[in-house]
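# Breakdown of the fold
For reference, the chains in residue letters:
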Amino acid sequence: MYINCHSYYSLNYGSFSETTLLELAQENHVTTLALTDINNTSACLNFIRCAKDFNIKPIVGIDFRQGTAQQYVGLAKNNSGFQELNAFLSHHLSQGIDIPPEAPMFKNALVIYPFEKVLRLEKTSFKEHEFIGVSVAELRKLPFSKYCGLKDKLVIQQTVSFRNKRDFNTHRLLRAIGLNTLLSKLPQDEQGTETDVMLPYEQLLESYKEFPHLIENTKKLMAQCHIEFSFGNDRRSQNQQYYYHSKEEDYERLKKLCEAGLPKRYPHPTAQVKERMLRELKIIYELEFVSYFLINHDIVSYAASKDYPHVGRGSGANSIVAYIIGITDVDPIELDLYFERFINPYRTSPPDFDIDFSWKERDDVTTYIFRRFPNVALLATYNTFKYRAAVRELGKVFGLPKEEIDKLCSGHYSLDTLDQLSQLVLKYASWIQGFPNYISVHSSGILILDKPIHYYSATTLPPKGFPTVQFDMIIAEDVGIFKFDILGQRGLAKIKDAIAIIRQNQPNAPLMDIRNVAYFKADKKINALLQQGQAVGAYYVESPAMRGLLKKLQTQDYLGLVAASSIIRPGVSSSGMKNEYILRQRMPERRKQANPILWKIMPETYGIMVYQEDVLKVAHHFAGLDLGEADVLRRGMSGKFRSREEFAAVEEKFIANCKAKDYPESLIKEVWEQIKSFAGYAFAKGHSASYAVESYQSLYLKCYFPLEFMVAVLNNGGGFYDAELYIQEAKKWGATIHAPCINLSDHPNVIYGKEIYLGFGYLKSLEKLVIQRLLSERQLHGPYRSFDDFIDRVPISLEQLSLLVRINAFRFTGIPKKELLWHAIFKTKANKEKSPQASLFVAKHRAFTIPTLESNPIEEAYDQIELLGFPLCTYFDMVAQDLQGGIMANELYKHKNKEVLVYGAMVHTRYNTTSKGDRMRFTTMLDREGNFFDCVHFPLAMAKSPIHGKGVYACYGTVTEEFGFYSLTVSWTKKLPLQNDPRYQQAV
């Protein structure tokens, strides 16, 4: 009898979840219930899924409102009606159009106008599908209304938004947050009514006993509504079923693609390759995943036609069919990839392809997908209230001063000392924590469906400009909607740009096909870079942690890099298996300590779980779970379903099976703890292998074309480190770095031979319009011949011109920049910007005699720090004192367990937490020769001598060694003063 109920997906309005609504209905003996969130359908599918568990018939619809003013409620009579309602709402949301006061003519949806709205509209005619909803509070007005006689049009509309006073208060706070206003100034018409609560079913009937026709009409109305979706084990894929017109036609196409691609991937295919391909094709056909492969092939084929590089990763890299037809570049035979991790007869969801494109090209690929397929939308995600954010928002709503809000957010307070308002903030923050705040766009998910998108959800049009559904990935998978992951990354852009720069800078250089990864894997020089940790700029292998791990593992081949890519993940590390793997890698004798059963299951990783596949293998072969149960375990590791009963049941069975096999309790516990440690962090082996392929492509370019590669890295925003490190790395490989030059620089960085000219884009205060003008003018009419020539040709203010002078962009003139600054002042007529209109006649410039003005490199460095953010020299060149004593990074190994002094320029620093919960620090430094060394600052040392930003530090501590990797456990650090800027020194 409740046809207008809200969950907290009525954003900044509702006060509880859709499952709580069902619990509330069950408590009040309600057996049929309609969920009608305000201009939102986020919760509808999950509401339908969960309703069966409560023995409640679900009805879904939409509460159409303009602001908080209810226009009408739409209820779906069936799935087609739900589609109608979604399409209507989506049109208004995406176009920013007001919800009209009267509903359109829905064919499969019912419309209920609120009684008060009908009174205001003085609506006199009602279509067959339209009704008037009367709340309990409005019953007293009904007998005196002209609508009392419309007995067949009156229904019960007791809105449900709250359970109690606390919910209503929460609602008012959410409204104030949404409107960004003080609670005391929240308008009455922006709030719900405190009486919008669910009454027990019997009490509701009692309230309407004098109007029995309302009860009967409502029952008839609700009886017309039936909504059906399949979930869980009963679901079928809702993705586009056929690429062409039938399953058979699709299968023939996939077979032909495999036949055409096989000779390219395997010039001399073995019987194993052919058998694997045919077996995969059979399973793909039987499980009806053919169209999924063809759609992904279509997407990467479009990218190839536009010369867009891509990386196909995820568990899809376990498939030889995906490798043969070009979706991935990982050979599953070479890596012995476990196909059943990707597709198995128990798996109801399609295989998982994550396809990476360049960050510059991803949007074009997305546009193509929307253009190519009929039913496409982006997947949503929910941004929920985090506790601190809730405290901050509620603090504002209650009008607390900023200092008090900051204190509450920091957690540094005693409850006893807080006033009533502050305690209220904390109390309600704990209640709204986890509530959805607003709908956002999933980072990569695209839906390509068989039915129209609005069959499942309304859509919005966020800033990305593509229709986006209102539900998230978990709800989508529940109903059989599986996303295509289209991602953007900078690593591919670096590779593509580097190739273009090489062809321009070294047109005759022998450049290998970047897809010839097999050649790169075998190249000793490239593998030496890996082993030595010299991978700065290379995708995924340049971080301090990865550099250290590669050295510890002595990684010098592709398979080793694949393992390292997964071992570095927190799952393996937190279980203690990372260190054990390193030991077994470096000390073959230690491998004998592996459990024989686990060794047999995972010989390649010495009996240690490293990849997601290993968990499946252990669950299946060690614990005797079938592949379906093992797949539940895998999904649980991703964090998606760890709260579900199915995961708990599998855990229970895993342990019971192991006990039945008479495994020692200690072994069962050890293995299960390893599995649990993978939660949310495990990589599929194919995923790691895909990363490794891209790393090798980057390493090839770094090895043979380091300068061009560094320019590409810089032009794509760098990577793990700041731009200045990549500049120093380029210098280390033989480059000469120049500040921006009026005649030789561009907006990005450019290279001529070994000369790298920084781009104008680094000048943070230089306006884009000025850059555009000077580059366009230079392109049209040639290089600037003199400072006067530049002023004549480019309209520019004194402020902007001064930036170019101070960075020494006019050094080709041979005039010192201090002198040029005076010329700039005189010749731009005291800070008056020139008209953008070109002069018809160029006036002759007056000559000014400027006295000789002294300058030195330190002034230059300080100007560069101010304008670029870093100096082109090293910080060592700027230190104010001679560096006495100390050793270099490459000498650490000579001083193991000894105390030494090392001077280092700080590159990167990060915090960690000790087992006791104290903060500690890891810092990466460059020594005077440009080599890395790493410092570990335990809490005591960190407190005694903290790190304060970029600069040179004297680092004193004990040299420690772990698996051949040397670092410094710091006792103290001291930041060395830099030379003062002589321009600001006081005269003696």
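Details of the structure are given in the entry above.
Please read these numbers as outputs of a predicted model, since none were measured by experiment.

Conventions and cut-offs
- Residues numbered from 1 in each chain as written.
- Predicted model: local features only at pLDDT ≥ 70, side-chain atom pairs only at ≥ 80, totals over all residues.
- Heavy atoms only, no water.
- Helix = DSSP H or I, 4+ residues; strand = E, 2+ residues; numbered from the N terminus.
- Buried < 20%, exposed > 50% of the residue type's maximum accessible area, 1.4 Å probe, protein only.
- Areas by Shrake-Rupley, 256 points an atom, 1.4 Å probe, with all protein chains shown as cover.
- Lys, Arg positive; Asp, Glu negative; His and termini not counted.
- Charge placed at Lys NZ, Arg CZ, Asp CG, Glu CD.
- Core = buried A, V, L, I, M, F, W, Y, C linked by side-chain atoms within 4.5 Å.
- Contact = heavy atoms within 4.5 Å.
- Pairing = 2+ DSSP bridges.
- Axes fitted to C-alpha atoms, helices over the stretch in contact; angles between N-to-C directions.
- Patch = residues over 30% accessible without salt bridge, like charges linked within 9 Å, V, L, I, M, F, W, Y side chains within 5 Å.
- Salt bridge = Lys/Arg side-chain N within 4 Å of Asp/Glu carboxyl O.
- Phe/Tyr/Trp six-rings, centres within 6.5 Å; stacked < 30°, edge-to-face > 60°.
- Lys NZ or Arg CZ within 6 Å of the ring centre and 35° of its normal.
- Parallel < 35°, antiparallel > 145°, perpendicular 65-115°, else oblique.
- Left-handed = near helix turned anticlockwise from the far one by under 90°.

## Let's talk about the overall build of the chain
- Per the secondary structure count, the chain includes 39 helices and 22 strands.
- Considering only C-alpha atoms, the chain reaches an extent of 100 × 80 × 65 Å along its principal axes.
- When burial is assessed residue by residue, the chain has 56% of its 988 residues classed as buried.
- Per element, the accessible surface of the chain, about 43,600 Å² overall, is 51% carbon and sulfur.
- If you average the places of the 118 positive and of the 111 negative side-chain charges in the chain, the two averages end up 3 Å apart.

## What about the nonpolar core?
- Core analysis: the biggest nonpolar cluster contains 100 residues, and Y2, L21, L33, M198, L214, F229 and F471 have the highest contact counts within it.
- Take this core: its biggest share by element is 6 residues, from helix α2 (residues 44-51).
- Those residues in contact with Y2 that sit more than four places away from it in its chain are V30, T32, L33, A34, Q158, V160, V197, M198, L199, L204 and M222.
- Within the second largest apolar cluster, 98 residues are counted, among which are Y700, Y721, A730 and I796.

## Observations regarding the environment of V618
- As for its position among the elements, V618 is in helix α27 (residues 612-622).
- Remark: the alpha-carbon pair of V618 and M602, spanning 16 residues in sequence, is separated by 8.6 Å.
- Non-local contacts of V618, meaning those with residues more than four positions away in its chain, are made with L598, I601, M602, M609, A623, V671 and I675.

## Concerning the sheet that holds strand β17 (residues 755-757)
- Spatially, 3 strands are ordered β15-β17-β16 in an open sheet, and the strand pairing comes out mixed. Since the sheet does not close on itself, it has two edges, and those belong to β15 (736-738) and β16 (750-752), each with one partner. Along the sheet, successive strands turn relative to each other by an average axial angle of 25°, direction set aside.
- Bridge analysis of β15 against β17 gives 3 bridges, and the strand direction is parallel. When the sheet's bridge partners are listed, H738 is paired in β17 with Y757.

## Some remarks on a nonpolar patch on the surface
- Taken together, the side chains of W822, I825 and F826 present a nonpolar region at the surface, about 270 Å² in accessible area.
- Its place among the elements puts W822 in helix α37 (residues 817-827).

## Details of the packing of aromatic side chains
- Under the criterion given, the structure shown has 45 aromatic pairs.
- Ring geometry for Y302 versus Y308: centroids 6.5 Å apart, planes at 80°, classification edge-to-face.
- Using a relative accessible area of 11% as the deciding quantity, one classes Y302 as buried.
- By relative accessible area, Y308 is classed as buried at 15%.
- Put simply, the rings of F64, Y72, F88, F106 and Y113 pair up and form one aromatic cluster.
- The positively charged end of R547 is found above the aromatic ring belonging to F932, 4.4 Å away from the centroid.
- When the ring centre of Y911 is taken as reference, the NZ or CZ atom of R919 above it lies at 3.9 Å.

## Considerations on the sheet that holds strand β20 (residues 932-937)
- Around the barrel, which closes on itself, the 5 strands sit in the order β18-β19-β20-β22-β21 with mixed pairing between neighbours. Taken over all neighbouring pairs, the strand axes of this sheet differ in orientation by 50° on average, direction set aside.
- Relative to strand β21 (residues 952-962), strand β18 (residues 899-913) runs antiparallel, the two being bridged by 7 bridges. Considered in β21, the bridge of A905 is made with V952.
- Helix α22 (residues 544-553) rests against β18, β19 (919-926), β20, β21 and β22 (965-975) of the sheet, and its axis sits at about 145° to β22.

## Considerations on the packing of helix α8 (residues 247-265) against helix α10 (residues 290-305)
- Where α8 meets α10, the closest approach of the two axes is 9 Å, and the angle between their N-to-C directions is 55°. As judged from the angle between their axes, α8 and α10 are oblique. Crossing of α8 over α10 shows left-handed handedness. Residues D250, Y251, R253, L254 and L257 of α8 form the contact with α10, whose participating residues are V290, S291, F293, L294 and H297.

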